[in-house]
There are 2 protein chains.
Amino acid sequence: MLRNRVKELRARYGFTQSDLGKRVNVTRQTIAFIEKGEFSPSITLALKLARALETSVDELFWLEGDGEDEK
Amino acid sequence: MLRNRVKELRARYGFTQSDLGKRVNVTRQTIAFIEKGEFSPSITLALKLARALETSVDELFWLEGDGEDEK
DNA sequence: TTCATTTGTTTGGTTTATATAACATAATGT
DNA sequence: ACATTATGTTATATAAACCAAACAAATGAA
């Protein structure tokens, strides 16, 4: 199971979903889907999100459990 | 531009592309494409690769330049 | 040299990420 | 009350990730 802290960190910086989307060049719906955990973004987008939220990819995203099952 | 150290670290551990693919549940062609930089894997796969190669996603993958252009 | 293994590469197919657009709801300010 | 803004959510469409199968080239071992 893939988990992330995007919503939490975005709120901490006072960004709206639209704000964050503009910073990383995706739509606000894409941000919403990621926050809901509905899909696993590309590593390129993950790196940009980490940069926008001033953290590392490893702090922003993690696998819960052994993660052998997920795609 | 997305760069990575998959090939280098895989060689260091003496894994074949097939070995690594099996460990992270993808085909060897997928590993080959990633090593060639031909696409940007999902964060889920990136996390599994980092775990298999005993490193962090941030050490394994990075954006060269400002990375504003890439998807 | 022959055999087995690894890698490079291509092609066609399926699945998933992402875009765009739309509509509803909640909150905020006038 | 009305307008604006942020979010939740859904639908359709496209691009990209990923699979499965194939074949050639390179390597290394017997």
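Below or above, wherever it landed, is the structure these notes cover. (Residues numbered from 1 in each chain as written. Chains lettered and ligands numbered in written order. Predicted model: local features only at pLDDT ≥ 70, side-chain atom pairs only at ≥ 80, totals over all residues. Heavy atoms only, no water.)

Turning to the protein's contact with DNA strand D, a few remarks are in order. Inspection of the region around DNA strand D gives 20 residues, with A:Gln17, A:Arg28, B:Gln29, B:Thr30 and B:Phe39 positioned closest. Take the atoms of DNA strand D that sit within 4 Å of the protein: sugar and phosphate atoms are 60% of them. In this structure, B:Ser40 approaches DNA strand D through a main-chain N or O atom, which is 2.8 Å from a phosphate oxygen. Contributions of two or more residues to the surface near DNA strand D are made by α1 (6-13) and α3 (28-36) of chain A together with α3 (28-35) of chain B. For the surface near DNA strand D, the element with the highest residue contribution is α3(A), accounting for 4 residues. (Near = heavy atom within 4 Å. Polar contact = N/O pair within 3.5 Å; in protein donor to acceptor, adjacent residues only side chain to side chain. Helix = DSSP H or I, 4+ residues; strand = E, 2+ residues; numbered from the N terminus.)

This paragraph deals with the protein's contact with DNA strand C. Around DNA strand C sit 21 residues, and of these A:Thr30, A:Phe39, B:Arg10, B:Gln17 and B:Arg28 come closest. Across the atoms of DNA strand C situated within 4 Å of the protein, the share located in sugar and phosphate is 60%. Take A:Arg28: an N or O atom from its side chain is 3.4 Å from a base nitrogen of DNA strand C. Within the contact set of DNA strand C, a phosphate oxygen lies 3.2 Å away from a side-chain nitrogen or oxygen of B:Lys7. Of all elements in the fold, only α3 of chain A together with α1 (6-12) and α3 of chain B reach the threshold of two or more residues within the surface near DNA strand C.

Residues and elements named next belong to chain B. Inspection of the secondary structure puts Gly 21 in helix α2 (residues 17-24). A residue is classified by how much of its surface remains accessible, and Gly 21, at 0% relative accessible area, is buried. Each C-alpha atom, one on Gly 21 and one on Leu 9, is 14 Å from the other, the two residues being 12 residues apart in sequence. Dropping the residues within four chain positions of it, Gly 21 is found in contact with Val 26 and Ile 31. (Buried < 20%, exposed > 50% of the residue type's maximum accessible area, 1.4 Å probe, protein only. Contact = heavy atoms within 4.5 Å.)

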